[in-house]
Amino acid sequence: MCTANVKSLFWMVQKVLPSMIERGKGSILATGSLSSQRGMPMGLGYVVSKHAILGLIRTIESETARNNVRANCLLPGLIRTPLLETSASKFCDGDIEAGMEVFTRMVPQGRLGKPEEIAEIAAFLMSDASSYINGQTFVADGGILSTIGNIG
């Protein structure tokens, strides 16, 4: 899975970037994670792959900005999704809600994010309304990175 994080983005970029450059317009949005900016115990492969995504986006931006092709990275935190529920279940011996409560306590804002909150940020970053935003990292995590620092 860890190499898939980087390879899938790399292959996608190879396919779409030439036509974006030719048109003189385009926007690439990658999904990183909090591990794109911080280390995490017991997650070396995952952390390395998420750091690589951030590096890839920054390199794309530096090489394509003059062609009006933008590249940004979105770093969601703890978002209530089926994947997080699966993790919560494993974390608390099958009790999803107990696990979700543990995750919720990790968020300074006191709640988990909603998928639609991340979708709204993504829609904005892909739209012409964000035409002057390029090479940036957007963290949507309820305050985890800015207050806790290293997660894990």
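Provided above is the structure to which this section pertains.
Residues numbered from 1 in each chain as written. Predicted model: local features only at pLDDT ≥ 70, side-chain atom pairs only at ≥ 80, totals over all residues. Heavy atoms only, no water.

(A) Region of interest: the packing of helix 3 (residues 82–91) against helix 4 (residues 96–105). Between helix 3 and helix 4, the least distance of the axes is 7 Å, while the angle of their chain directions is 100°. With respect to helix 4, the element helix 3 is oriented roughly perpendicular. For the pair helix 3 and helix 4, contact is made by L84, E85, S87, A88, S89 and F91 and by I96, G99, M100, V102 and F103, respectively. Along the lines of polarity and charge, the residues of the contact of helix 3 with helix 4 split into seven nonpolar, three polar and one charged. (Axes fitted to C-alpha atoms, helices over the stretch in contact; angles between N-to-C directions. Helix = DSSP H or I, 4+ residues; strand = E, 2+ residues; numbered from the N terminus. Parallel < 35°, antiparallel > 145°, perpendicular 65-115°, else oblique. Contact = heavy atoms within 4.5 Å. Nonpolar A, V, L, I, M, F, W, Y, C, P; charged D, E, K, R; others polar.)

(B) Representation of the packing of helix 1 (residues 2–23) against helix 2 (residues 44–64) within the structure. Interaxial distance between helix 1 and helix 2 falls to 8 Å at its minimum, and their mutual angle equals 15°. In terms of axis orientation, helix 1 runs roughly parallel to helix 2. As helix 1 runs across helix 2, the sense of the crossing is right-handed. Where helix 1 approaches helix 2, its residues C2, N5, V6, L9, F10, V13, L17 and I21 are matched on the opposing element by G45, Y46, S49, K50, A52, I53, L56, I57, I60 and T64. Classifying every residue of the contact of helix 1 with helix 2 by side-chain character gives 13 nonpolar, four polar and one charged. (Left-handed = near helix turned anticlockwise from the far one by under 90°.)

(C) Geometry of the side chain of T104. Within the secondary structure, T104 sits in helix 4. Note on T104: relative accessible area 16%, which makes it buried. Excluding residues that lie within four positions of it along the chain, T104 makes contacts with G110, R111 and L112. (Buried < 20%, exposed > 50% of the residue type's maximum accessible area, 1.4 Å probe, protein only.)

(D) Examining the pattern of salt bridges more closely. As enumerated under the stated definition, the model contains five salt bridges in all. For R80, the salt bridge goes to E97, with nearest N and O atoms at 2.7 Å. With R80 in the loop between strand 2 (69–76) and helix 3 and E97 in helix 4, this residue pair connects regions lying 17 residues apart in the sequence. Judged by relative accessible area, R80 falls into the partly exposed class, the value being 31%. With relative accessibility at 47%, the residue E97 sits in the partly exposed group. For the salt bridge of R105 with E101, the shortest nitrogen-to-oxygen distance reads 3.9 Å. You can see R105 and its partner E101 sitting in helix 4, four residues apart, about one turn around the helix. You can call R105 exposed: its relative accessible area is 58%. Salt bridges sharing partners connect three or more residues here, namely R80, E85 and E97. (Salt bridge = Lys/Arg side-chain N within 4 Å of Asp/Glu carboxyl O.)

(E) Just the sheet that holds strand 2, in detail. One open sheet holds the three strands; their spatial order is 1-2-3, and the pairing between them is parallel. The open sheet terminates on both sides in strands that have one partner only, identified here as strand 1 (26–31) and strand 3 (137–140). Adjacent strand axes in the sheet meet at a mean angle of 25° when their direction is disregarded. When strand 1 meets strand 2, the two strands line up parallel, connected through six bridges. Following the sheet pairing, T31 is matched in strand 2 by L74. Helix-sheet contacts for helix 2 involve strand 1, strand 2 and strand 3, and the interaxial angle to strand 2 is about 160°. (Pairing = 2+ DSSP bridges.)

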